[in-house]
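Architecture and fold: a report
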Amino acid sequence: MLDRIENRSAEIAVIGLGYIGLPTAIMFANAGFRVTGYEIRKEVVEKINSGKAHIVEPEIDSLLKRAIENGNLRATSDPEDIRGKDVYIICVQTPLKDDKTPDLSYLENAVKTVANTMKKGSLIIIESTVPPLTTVKMATLIEELTGFKAGRDFHMVHAPERVMPGRIFKELVYNSRIFGGITPESAELAESLYRTFVKGQTFKTSSTVSEVVKLMENTFRDVNIALANEFAFLAHQYEIDVFEAIELANTHPRVRIHSPGIGVGGHCLPKDPHLLVWPAERDFGLIRLAREINDSMPLFTKDLLFSALRELNVPPEDAVVAVLGLAYKGDSDDTRNSPALAFIGAIEGDVAEVRTHDPFVGGSAGSVEEAVEGADAVVIATDHTVFKSLDWKKLGRLMRTRILIDGRHVVEEPPKSFLFRGVGRGEY
Ligand SMILES: NC(=O)c1ccc[n+]([C@@H]2O[C@H](COP(=O)([O-])OP(=O)(O)OC[C@H]3O[C@@H](n4cnc5c(N)ncnc54)[C@H](O)[C@@H]3O)[C@@H](O)[C@H]2O)c1
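Every value quoted in this text rests on a predicted model; they were computed, and no experiment measured them.

As for the overall build of the chain
- Tallying secondary structure elements over the chain gives 16 helices and 13 strands in all.
- Relative to the compact-globule value of 22 Å for 428 residues, the chain shows a C-alpha radius of gyration of 24 Å, a close match.
- The principal-axis extents of the C-alpha atoms in the chain amount to approximately 70 × 50 × 40 Å.
- Burial analysis of the chain (428 residues in total) assigns 56% to the buried set.
- Surface accessibility of the chain: about 18900 Å² in total, with carbon and sulfur atoms responsible for 51%.
- Positive and negative side-chain charges of the chain, numbering 50 and 61 respectively, have mean locations separated by a distance of 5 Å.

Side note on the sheet that holds strand S10 (residues 353-357)
- Across the sheet, 5 strands lie side by side as S10-S9-S11-S12-S13; this open sheet has parallel pairing. Here the strands that pair on one side only, and so sit at the sheet edges, are S10 and strand S13 (419-422). Adjacent strand axes in the sheet meet at a mean angle of 20°, parallel and antiparallel pairs treated alike.
- Both strand S12 (residues 403-406) and S13 contribute to a ladder of 4 bridges, which runs parallel. Bridging across to S13, Ile405 finds its partner in Arg421.

Topic: a positive patch on the surface
- There is a patch of like positive charges on the surface, built from Lys393, Lys394, Arg397 and Arg402.
- Secondary-structure assignment places Arg397 in helix H16 (residues 392-398).
- According to the relative accessible area criterion, Arg397 is exposed, its value standing at 59%.

As for the domain arrangement of the chain
- Split by domain assignment, the chain resolves into domain 1 (2-200), domain 2 (215-294) and domain 3 (295-422).
- Computed over C-alpha atoms only, the centres of domain 1 and domain 3 are separated by 39 Å.
- The interface of domain 1 with domain 3 comprises 6 residues on the first partner and 7 residues on the second.
- Where domain 1 abuts domain 3, roughly 540 Å² becomes buried across the two surfaces, and 49% of that area is made up of carbon and sulfur atoms.
- For domain 1, the biggest contributors to the area lost against domain 3 are Tyr19, Val56 and Pro165; these three give 80% of the whole.
- The interface formed by domain 1 and domain 3 holds 0 salt bridges in total.
- Put simply, domain 1 and domain 3 have 2 residue pairs in polar contact (both at pLDDT 80 or more) between them.
- By residue class, the composition of the side of domain 1 that touches domain 3 is 5 nonpolar, no polar and 1 charged.

Thoughts on the sheet that holds strand S1 (residues 11-15)
- Strand order across the open sheet formed by 8 strands is S3-S2-S1-S4-S5-S6-S7-S8, with mixed pairing between neighbours. Each end of this open sheet is capped by a strand with a single partner; those strands are strand S3 (73-76) and strand S8 (202-206). For this sheet, the mean inter-axis angle between neighbouring strands, taken without regard to orientation, is 25°.
- Two elements, S1 and strand S2 (residues 34-38), share 5 bridges in a ladder whose sense is parallel. Bridge pairing links Glu11 to Arg34 in S2.

Some points on the site of the ligand
- The full set close to the ligand counts 27 residues, and Ile20, Glu39, Arg41, Thr94 and Lys271 are the nearest of them.
- A distance of 2.7 Å separates an oxygen atom of the ligand from a polar side-chain atom of Arg41.
- One of the side-chain N or O atoms of Thr94 is found 2.7 Å from an oxygen atom in the ligand.
- Notes on the ligand: free accessible area 830 Å², of which the protein chains cover 95%.
- Top element by residues in the shell around the ligand is helix H5 (residues 105-117). It accounts for 3 residues.
- Two domains each provide a minimum of three residues to the shell around the ligand, namely domain 1 (2-200) and domain 2 (215-294).

Concerning the pairing of strand S4 (residues 87-90)
- Of the two faces of S4, the one lined by Val87 and Ile89 and the one lined by Tyr88 and Ile90 are each fully buried.
- Of the pairings in the sheet, the one linking S1 to S4 comprises 4 bridges and is parallel in character. Pairing of Ile15 across the sheet is with Ile90, part of S4.
- Bridge count between S4 and strand S5 (residues 123-126): 4 bridges; the pairing is parallel. Looking across to S5, one finds that Tyr88 is bridged to Ile124.
- Since S4 and S5 lie parallel, the crossover through H5 that links them has a hand, and here it is right-handed.

Some thoughts on a negative patch on the surface
- Residues Glu244, Glu247, Glu412 and Glu413 make up a contiguous surface patch of negative charge.
- Note that Glu247 resides in helix H10 (residues 242-249).
- According to the relative accessible area criterion, Glu247 is exposed, its value standing at 60%.

Concerning the UniProt feature "transmembrane region" (unreviewed entry) in the chain
- As recorded in UniProt, the feature "transmembrane region" (unreviewed entry) lies at residues 12-33.
- Along residues 12-33, the helical share is 45% and the strand share 18%, with 7 Å between the first and last C-alpha atoms.

Focus: the packing of aromatic side chains
- Applying the stated criterion to the full structure yields 7 aromatic pairs.
- Consider the rings of Phe28 and Phe197, whose centres lie 4.9 Å apart with planes at 75°: the pair is edge-to-face. With Phe28 in helix H2 (residues 21-30) and Phe197 in the loop between helix H8 (184-194) and S8, this pair connects stretches of sequence that are 169 residues apart. Judged on exposure class, the residue Phe28 and its partner Phe197 are both buried.
- For the pair Phe233 and Phe300, a centre-to-centre distance of 4.9 Å together with 65° between the ring planes defines the contact as edge-to-face. Of this pair, Phe233 sits in helix H9 (residues 207-238) while Phe300 sits in helix H13 (residues 297-311), and the two are 67 residues apart along the sequence.
- Site record: aromatic cluster; members linked through ring pairs are Phe28, Phe33, Phe179, Tyr194 and Phe197.
- The aromatic ring of Phe306 is capped on one face by Lys302, whose charged end is 5.3 Å from the ring centroid.

About the criteria used
- Residues numbered from 1 in each chain as written.
- Predicted model: local features only at pLDDT ≥ 70, side-chain atom pairs only at ≥ 80, totals over all residues.
- Heavy atoms only, no water.
- Helix = DSSP H or I, 4+ residues; strand = E, 2+ residues; numbered from the N terminus.
- Rg over C-alpha atoms; globule rule 2.2 N^0.38 Å.
- Buried < 20%, exposed > 50% of the residue type's maximum accessible area, 1.4 Å probe, protein only.
- Areas by Shrake-Rupley, 256 points an atom, 1.4 Å probe, with all protein chains shown as cover.
- Lys, Arg positive; Asp, Glu negative; His and termini not counted.
- Charge placed at Lys NZ, Arg CZ, Asp CG, Glu CD.
- Pairing = 2+ DSSP bridges.
- Axes fitted to C-alpha atoms, helices over the stretch in contact; angles between N-to-C directions.
- Patch = residues over 30% accessible without salt bridge, like charges linked within 9 Å, V, L, I, M, F, W, Y side chains within 5 Å.
- Salt bridge = Lys/Arg side-chain N within 4 Å of Asp/Glu carboxyl O.
- Domains from an automatic or database assignment.
- Contact = heavy atoms within 4.5 Å.
- Buried area = accessible area lost by both parts, 1.4 Å probe.
- Polar contact = N/O pair within 3.5 Å; in protein donor to acceptor, adjacent residues only side chain to side chain.
- Nonpolar A, V, L, I, M, F, W, Y, C, P; charged D, E, K, R; others polar.
- Near = heavy atom within 4 Å.
- Right-handed = clockwise from strand over helix to strand, strands pointing away.
- UniProt positions renumbered as here; feature names shortened; annotations may be inferred.
- Phe/Tyr/Trp six-rings, centres within 6.5 Å; stacked < 30°, edge-to-face > 60°.
- Lys NZ or Arg CZ within 6 Å of the ring centre and 35° of its normal.

Okay, here's the thing in structure tokens:
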């Protein structure tokens, strides 16, 4: 297997061609491997095979076109097309159920497809973020389905993905990577495979340590954002700008306070803390409380909006509200668990009309002007770069009442003719 990896003749199947799987498949294809992407959504398969990406990401269109044109990448919905591959890389989603416990059904189905198509000696890599001990459990499932012995007849690794949407192709190359093997040999094989394009540091460990590392990273971020959000609540009580306070506190050599805002979204941060504590036996107060604080931020933003409406004598039930941004993060089209949607859900029914505009997301107003025309309030819910240079003087002239609520610290200088409120910006 090592020879086949080193001379790039190892054949790779990537299972799940979403935000992580498609870029990963493209990287291996452009590194010289023959890659088959297996994806259950047929429309995604068709689009990819025609050389077009179904996700927004810098550089993806040209890199995908190159991979398709040089014949190294092909997408399929037929499991027969991934029979007998040397390597299987699983990149399916691992969301939460409504009761906040992990929904591992996508992963289990992907593992079953692998078990039905793999050969003796295959290397199976789980890139999806999973609860601790999952890789070992999936290896046992494969043993049961195939009669193969893990570590002897097949190799298995958890190789968590750390990329940030918007920087995926840079980070795939330069981020450091962790390879958690069910055996040291499994980890070594995976490391050699990724070394064909990764320039960052690489580390080998067990699969359970690797699973915990990935979940600790996102839990660290979630808990620290919750702390920043608590500082934001305090800033409103003391009538100061929390961003000024954070900037000054961060001049301390050992302090790095995160940024507060309308909430935490995306596929990963809102669920990974739950994946970390779910199989554990004791209750984890701090981690769960941080989740609750971050989930409460869209409601806090609603409070800012409603108090501003009342201050200008606009009954909330008569108000027209324009929400700028639907994606969970700036310059992305990804709306999964977006706090913008949670915010809209919280005000809909309590106001007369909600309009939305997001330049990256379909189905919303075509322009900012269209969205704000005749509105009583504008709420910035996503920090898209284009929102930083909006001409508020001009937009204000189109509005019925001039209220601006900034949920993402996009507006540096509150525009003079507006009643301005921002998360953490105190009262102005
Ligand atoms: N998106 C990120 O920024 C990011 C970053 C780090 C880690 N992760 C982790 O990576 C994993 C994948 O995330 P994503 O954002 O790429 O998800 P995604 O939803 O964009 O992609 C998953 C894809 O897998 C497909 N799929 C589901 N079940 C399948 C099956 N049985 N066979 C074939 N295809 C199947 C889906 O149709 C979908 O296209 C998750 O565990 C996530 O937590 C994501």
